[in-house]
Amino acid sequence: MRRNYTKDEILRFAEEANVRYVRLQFTDLLGVIKNVEIPVDQLGKALDNKIMFDGSSIEGFVRIEESDMYLVPDLATWLVFPWGHELGKVARLICDIHLPDGSPFPGDPRGVLKRVLQQSKDLGFDAFNVGPEPEFFLFKLDSEGKPTTEVNDEGGYFDWAPLDLGENCRRDITLTLESMGFEIEASHHEVAPGQHEIDFQYADALETADNIATFRLVVKTIARQYGLHATFMPKPVYGINGSGMHCHMSLFRNGGNAFYAAEDEMGLSETARHFLAGILQHAKGFTAVTNPLVNSYKRLVPGFEAPCYVAWSLKNRSPLVRIPAARGLSTRIEVRSPDPSANPYLAIAAMLASGLDGIQNGTPLADPTNRNIYIMTAEEKAEAGIHSLPENLGDAINELSRDEVVRTALGDHVFHHFVEAKRLEWDIYRTQISKWESDQYLSLY
């Protein structure tokens, strides 16, 4: 649980820790971390919300004629990085983006999540907790220091050294995260060679989104120290499992878990059922946000443990949503489609808005699917009302454009800039001639 520091406390912390520079951090529309670095003698000015930057240079922000923006630090995000120069350390503050008139910038992804969280509070919920399970690959670098797709181990699920040669790197990532205040719940080798997962404790949605952004930065930084490249690309290698970011979610009201009902045979409240129904109803619409790359859809295919069908189950892991066995305060739903390339602020906002829409409209929940969907025939899936997620980024963008709930959650600015960027990405990809096409057709036709 974060603590809200005061300006005087942060100035004192900076002096005591010998901080020389402070990074004022934010993310662009695509979830890429950006920052303005200032010397520590400008920290007081930053804490007074007086640091400006040029928003026209940031993906999805504004045009050059309306570029002035202010960085407004969230004082609860003060953190001193455990690495740094011997002459002094580097700290960071995560910032919201405001316009010159002091109003929140509608294109700020963090602001999008804060708006949707306020909607949940307006409905009487105290908190929306999210626990992510981000996966990543560790690859070797070539002689020029550029990433390859050559793994440094042949380990599999839960293997350890000597098969898991990334164990030391993963352990140092874990230790670094713990030194930064993360509570690590699990760390292990994943199914594919070179693939890893580190799970950290759930938190309020905004803190979790901040943590995901920080997590990706730490993983890449420590991997470099080991001469490795860490990637959150969803499917970097053909024929093996891709990387997901399953998200466990629960709403709380009056200090209690609003998803739990002791009297229900499944232990699920009406709130949980309607929230889950909203997730299923809008899954196609939010997929472009939770799976935002052309490459994301190479992961969402049958046979590699990634969900590609809109259904739910208590135990079955082939549907989109699973309900873990724990009940009481730990009652939650697990959405299994998101991948770690997603902008965490936008992805969580889109899923929360979908669930809240189900609650507000009393959306009925379909029966659970307890069969392995991967082996069901098309007729059986149609009879059970099971639909597929979008098969490519182009289809996902079209589904997003038709989903008013997700569009409204993103806001006009983010929606239009996001769709513009993603349509361009899709158009460039679909007009490329791949090696596979040349190998298959060049000689034959």
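Not measured: the values here are computed from a predicted model. (Residues numbered from 1 in each chain as written. Predicted model: local features only at pLDDT ≥ 70, side-chain atom pairs only at ≥ 80, totals over all residues. Heavy atoms only, no water.)

## With respect to the overall build of the chain
Within the chain one finds 13 helices and 19 strands. Against the compact-globule benchmark of 22 Å for 445 residues, the chain has a radius of gyration of 22 Å, which places it among compact chains. C-alpha atoms of the chain, sized along the principal axes, occupy 65 × 60 × 50 Å. Taking all 445 residues of the chain together, the buried fraction comes to 54%. Considering only residue pairs separated by 6 or more positions, the chain has 69% of its internal contacts joining residues 24 or more positions apart. Carbon and sulfur atoms provide 50% of the accessible area of the chain, an area that totals close to 20,300 Å². Both charge centroids of the chain, one from 43 positive and one from 63 negative side chains, sit 1 Å from each other. (Helix = DSSP H or I, 4+ residues; strand = E, 2+ residues; numbered from the N terminus. Rg over C-alpha atoms; globule rule 2.2 N^0.38 Å. Buried < 20%, exposed > 50% of the residue type's maximum accessible area, 1.4 Å probe, protein only. Contact = heavy atoms within 4.5 Å. Areas by Shrake-Rupley, 256 points an atom, 1.4 Å probe, with all protein chains shown as cover. Lys, Arg positive; Asp, Glu negative; His and termini not counted. Charge placed at Lys NZ, Arg CZ, Asp CG, Glu CD.)

## Digging into the domain arrangement of the chain
Parsing the chain into structural domains produces domain 1 (7-105) and domain 2 (115-436). Centre-to-centre, using C-alpha coordinates, domain 1 lies 28 Å away from domain 2. Listed by partner, the interface residues are 19 residues for domain 1 and 20 residues for domain 2. Between domain 1 and domain 2, a total of about 1,500 Å² is buried, with carbon and sulfur atoms accounting for 67% of that surface. Considering only the side of domain 1, the residues that lose the most area to domain 2 are Leu-29, Leu-30 and Trp-83, jointly responsible for 36% of the buried surface there. At the boundary of domain 1 and domain 2, one finds 0 salt bridges. (Domains from an automatic or database assignment. Buried area = accessible area lost by both parts, 1.4 Å probe. Salt bridge = Lys/Arg side-chain N within 4 Å of Asp/Glu carboxyl O.)

## Notes on the nonpolar core
Membership of the largest hydrophobic core comes to 85 residues, with the highest contact counts inside it found for Phe-128, Leu-251, Phe-275 and Val-321. For this core, the two domains that each supply at least three residues are domain 1 (7-105) and domain 2 (115-436). Once you skip the residues sitting within four places of it in the chain, Leu-251 turns out to touch Phe-125, Ala-127, Phe-128, Gly-256, Asn-257, Ala-258, Phe-259, Phe-275, Leu-352, Leu-356 and Ile-359. (Core = buried A, V, L, I, M, F, W, Y, C linked by side-chain atoms within 4.5 Å.)

## Side note on the packing of helix α6 (residues 270-290) against helix α10 (residues 393-402)
Between α6 and α10, the shortest axis-to-axis distance is 7 Å and the interhelical angle comes to 120°. By the angle between their directions, the pair α6 and α10 is classed as oblique. Between α6 and α10 the crossing geometry is left-handed. Contact residues: Lys-284, Gly-285, Ala-288 and Val-289 in α6; Ala-396, Ile-397, Glu-399 and Leu-400 in α10. For the contact of α6 with α10, the class distribution of residues is 5 nonpolar, 1 polar and 2 charged. (Axes fitted to C-alpha atoms, helices over the stretch in contact; angles between N-to-C directions. Parallel < 35°, antiparallel > 145°, perpendicular 65-115°, else oblique. Left-handed = near helix turned anticlockwise from the far one by under 90°. Nonpolar A, V, L, I, M, F, W, Y, C, P; charged D, E, K, R; others polar.)

## Focus: the side chain of Asp-74
Mapped onto the secondary structure, Asp-74 falls in the loop between β4 (68-73) and β5 (79-85). Not counting residues within four places of it along the chain, the set of residues in contact with Asp-74 comprises Arg-2, Leu-93, Ile-94, Cys-95 and Arg-110.

## Observations regarding the pairing of strand β10 (residues 195-200)
Here β10 lies mainly inside the structure; 6 of its 6 residues are buried. Burial of β10 is two-sided: the residues Gln-195, Glu-197 and Asp-199 facing one way and the residues His-196, Ile-198 and Phe-200 facing the other way are all buried. Judged from the 3 bridges that link them, strand β7 (residues 127-141) and β10 form a sheet pairing that is antiparallel. Directly across from Glu-135, in β10, lies its bridge partner Glu-197. Where strand β9 (residues 184-189) lies against β10, 5 bridges are found, and the strand directions are antiparallel. Looking at β10, one finds that His-188 is bridged to Glu-197. (Pairing = 2+ DSSP bridges.)

## A few points about the environment of Ile-323
The residue Ile-323 is located in the loop between β17 (321-322) and β18 (333-335) in this model. Taking relative accessible area as the criterion, Ile-323 reaches 1% and is therefore assigned buried. For the pair Ile-323 and Ser-313, spaced 10 residues apart in sequence, the C-alpha to C-alpha distance is 6.4 Å. When residues no more than four places from it in sequence are discounted, the contact partners of Ile-323 are Leu-268, Leu-276, Trp-312, Ser-313, Leu-314, Arg-332 and Ile-333.

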